[in-house]
Amino acid sequence: MRILVNGASREIRAADLSGALDELGYGGAVVATAVNGEFVPATDRPAARLTEGDRLEVLAPMQGG
Amino acid sequence: MLRLYDVELSSRLLLGTARYPSPSILTEAVKASGAQVVTVSLRRESGGERAGQGFWSLIRGLGVRVLPNTAGCHSVKEAVTTAHMGREVFNTPWVKLEVIGEDETLQPDVFGLVEAARILCKEGFEVFPYTTEDLIVAERLLEAGCRMLMPWGSPIGSGRGLNNLFGLQSLRARFPEVPLVVDAGIGVPSHAAQALELGFDAVLINTAVSQARDPVGMAGAFAQAVAAGRAAYQAGPMEPRDLAAPSTPVIGTAFLA
């Protein structure tokens, strides 16, 4: 299915958020996730089902003021 | 000692981590500043580049506390969601809450700020609200559960210093027991010293250090200014006068005309 990952269209096979992160190259990374604007805690990722057209945000630590 | 929520800090300088020429200069600047708290943010991470992982590793290596911000958020929902994401990634209840109302001045949307602060405080966050010097907004933020305030000196990145001196002094006088950290707008060490001389508890600085020709040198200069300003406040500055008052005793002056 196609979903939006950080604003870019991506094709993924995984049906859950945890699998999608592995597939997209985030395995082991310190990131926080939101699907369709709602925060999904790391503990909920395996149970979070993704559907066609979902908007996934994957955020990581960055410089800030 | 400075106490922010339940944490005691010996440094009264909080430092931002953005816009340094290189990671090594950032590292050296943090050390030179003596800061025990640095601000950090969250941004989109690419699964290929994983740039954020290296940055996080660098920050962890510094052994300082992190204060995640909600920079760039224009709505209550965005700010609250970003705060949740920051709490998970950085493993801290602290959040520098920014709800931006207007892009040219990056002025806080104080209505959204109070609403977001109320939500986050109830959820157990320890909120550092980036606000104006407005007294009523300050009252509302404290009612919402904030136990400290971060009034702006002047717009973020402007380097204009303490833009509304009277307003800031009123804020200090109105809330003598609340930790107040001047955040944003400080451009040179004398601005920071002035804030501390007025009794503000600390300053948060980023651009003034990171955009200096020598950020490490400037970080050290700010550390000295903050220490001097605090020492001056504790020593009790003299009252200004409108006319001159001779410092040399007049009694005993020779008559030589």
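Before reading further, recall that the structure is shown in the block above.
The rules behind each value
Residues numbered from 1 in each chain as written. Chains lettered and ligands numbered in written order. Predicted model: local features only at pLDDT ≥ 70, side-chain atom pairs only at ≥ 80, totals over all residues. Heavy atoms only, no water. Pairing = 2+ DSSP bridges. Helix = DSSP H or I, 4+ residues; strand = E, 2+ residues; numbered from the N terminus. Salt bridge = Lys/Arg side-chain N within 4 Å of Asp/Glu carboxyl O. Buried < 20%, exposed > 50% of the residue type's maximum accessible area, 1.4 Å probe, protein only. Contact = heavy atoms within 4.5 Å. Axes fitted to C-alpha atoms, helices over the stretch in contact; angles between N-to-C directions. Phe/Tyr/Trp six-rings, centres within 6.5 Å; stacked < 30°, edge-to-face > 60°. Lys NZ or Arg CZ within 6 Å of the ring centre and 35° of its normal. Core = buried A, V, L, I, M, F, W, Y, C linked by side-chain atoms within 4.5 Å. 1 Å grid on protein atoms, 1.4 Å probe; cavity = no way out; pocket = protein on both sides within 12 Å on 5 of 7 lines; lining within 4 Å. Points joined across faces, edges and corners; volume = space filled by probe spheres on them. Nonpolar A, V, L, I, M, F, W, Y, C, P; charged D, E, K, R; others polar. Buried area = accessible area lost by both parts, 1.4 Å probe. Polar contact = N/O pair within 3.5 Å; in protein donor to acceptor, adjacent residues only side chain to side chain. Right-handed = clockwise from strand over helix to strand, strands pointing away. Parallel < 35°, antiparallel > 145°, perpendicular 65-115°, else oblique. Left-handed = near helix turned anticlockwise from the far one by under 90°.

S.K.: Can you break down the pairing of strand β2 (residues 8-11) of chain A residue by residue, with the values?
M.R.: All names here are of chain A. Relative to β2, strand β1 (residues 2-5) runs antiparallel, the two being bridged by 4 bridges. Bridge assignment links I3 to a residue of β2, and that residue is R10. Turn length for the β1-β2 hairpin, with the two strands adjacent in sequence and antiparallel, is 2 residues, and the turn residue N6 shows positive phi of about 50°.

S.K.: Requested: an account of the pattern of salt bridges, with residues and values cited.
M.R.: Inspection of every chain in the model, using the stated rule, returns 12 salt bridges over all chains. For the salt bridge of A:E38 with B:K77, the shortest nitrogen-to-oxygen distance reads 3.5 Å. Of this pair, A:E38 sits in strand β4 (residues 38-40) while B:K77 sits in helix α3 (residues 76-90), each in a different chain. In this structure A:E38 comes out as partly exposed when scored by relative accessible area, which is 46%. With a closest N to O distance of 3.4 Å, A:R45 and B:E88 form a salt bridge. Of this pair, A:R45 sits in the loop between β4 and β5 (55-63) while B:E88 sits in helix α3, each in a different chain.

S.K.: Any details on the sheet that holds strand β10 (residues 150-151) of chain B? Residues and values, ideally.
M.R.: Residues and elements named next belong to chain B. Spatially, β6-β9-β10 is the arrangement adopted by the 3 strands of the open sheet, whose pairing is parallel. Unpaired on one side and paired on the other, β6 (94-97) and β10 mark the two borders of the sheet. Where strand β9 (residues 126-131) and β10 come together, 2 bridges link them in parallel fashion. Bridge pairing in β10 links Y130 to M150. Lying on the sheet, helix α4 (residues 110-122) is in contact with β6 and β9; it crosses β9 at an angle near 175°.

S.K.: Quick rundown of the packing of aromatic side chains? Include the residues and the values.
M.R.: Within a pair of aromatic rings, the relevant descriptors are the distance that separates the centres and the angle that separates the planes. All names here are of chain B. Tallied over the entire structure, the rule returns 3 aromatic pairs over all chains. When the centroid spacing of 4.8 Å and the interplanar angle of 50° are considered together, the rings of W94 and F128 count as tilted. Here the residue W94 occupies a position in strand β6, and F128 occupies one in strand β9, the gap between them amounting to 34 residues. One aromatic cluster is present, formed by Y5, W94 and F128 through successive ring pairs. Cation over ring: R172 sits above F200, and NZ or CZ is 6.0 Å from the ring centre.

S.K.: Quick rundown of the nonpolar core? Include the residues and the values.
M.R.: The tendency in soluble globular proteins is for nonpolar side chains to be buried as a group. By size, the foremost hydrophobic cluster in this structure holds 78 residues, and its most contacted members are B:I59, B:L97, B:V127, B:V203 and B:I205. Apart from residues no more than four positions distant in its own chain, B:V203 is found in contact with B:R12, B:L13, B:L14, B:V181, B:V182, B:I186, B:A192, B:A195, B:L196 and B:V226. If you look at the next biggest cluster of nonpolar residues, it comprises 18 residues, including A:V5, A:L24, A:Y26 and A:V31.

S.K.: Explain the layout of surface pockets to me, and be specific about the residues and the numbers.
M.R.: Looking at the largest pocket, its volume works out to about 510 Å³. As for the largest pocket, its lining consists of 30 residues, and the residues nearest its centre are A:G65, B:I156, B:G157, B:N206 and B:T207. When residues of the lining of the largest pocket are traced back to their parent elements, those giving at least two are β4 (37-44), β12 (202-205) and α8 (207-210) of chain B. Class assignment for the residues of the lining of the largest pocket results in 10 nonpolar, 14 polar and 6 charged. The computed volume of the second largest pocket comes to approximately 380 Å³.

S.K.: Please set out the interface of chain B and chain A residue by residue, giving values where relevant.
M.R.: Opposite the 28 residues of chain B that make contact, chain A presents 28 residues. Carbon and sulfur atoms make up 59% of the area that chain B and chain A hide from each other, which totals about 2300 Å². For the chain B face of the interface with chain A, the top three residues by lost area are B:R44, B:M85 and B:E88, together amounting to 27%. Scanning the region where chain B abuts chain A turns up 3 salt bridges. Inspection of the region where chain B meets chain A yields 20 residue pairs in polar contact (both at pLDDT 80 or more). When residues of the side of chain B that touches chain A are traced back to their parent elements, those giving at least two are β4, α2 (51-62) and α3 of chain B. Among the elements that make up the side of chain B that touches chain A, the one with the highest residue count is α3(B) (7 residues). Here the side of chain B that touches chain A is composed, by residue class, of 8 nonpolar, 12 polar and 8 charged.

S.K.: Tell me about the pairing of β9(B), residues and numbers included.
M.R.: Residues and elements named next belong to chain B. Burial analysis of β9 places 6 of its 6 residues in the buried class, the great majority of the element. A two-sided burial pattern is seen for β9, the buried positions comprising E126, F128 and Y130 on one face and V127, P129 and T131 on the other. Across 4 bridges, β6 lies against β9 in parallel orientation. The residue bridging K96 from the neighbouring strand is F128, located in β9. Between the parallel pair β9 and β10, the chain is carried across by helix α5 (residues 135-144), and the sense of this crossover is right-handed.

S.K.: An account of the packing of α5(B) against helix α6 (residues 165-174) of chain B is requested, with residue identities and associated values reported.
M.R.: Angle between the axes and distance between the axes: these two values describe a pair of packed helices. Residues and elements named next belong to chain B. Where α5 contacts α6, the axes come no closer than 10 Å and their chain directions differ by 40°. Comparing their axes, α6 and α5 come out oblique. The element α5 and its partner α6 pack so that their crossing is right-handed. Residues L135, A138 and E139 of α5 pack against S170, L171 and R174 of α6. Here the contact of α5 with α6 is composed, by residue class, of 3 nonpolar, 1 polar and 2 charged.

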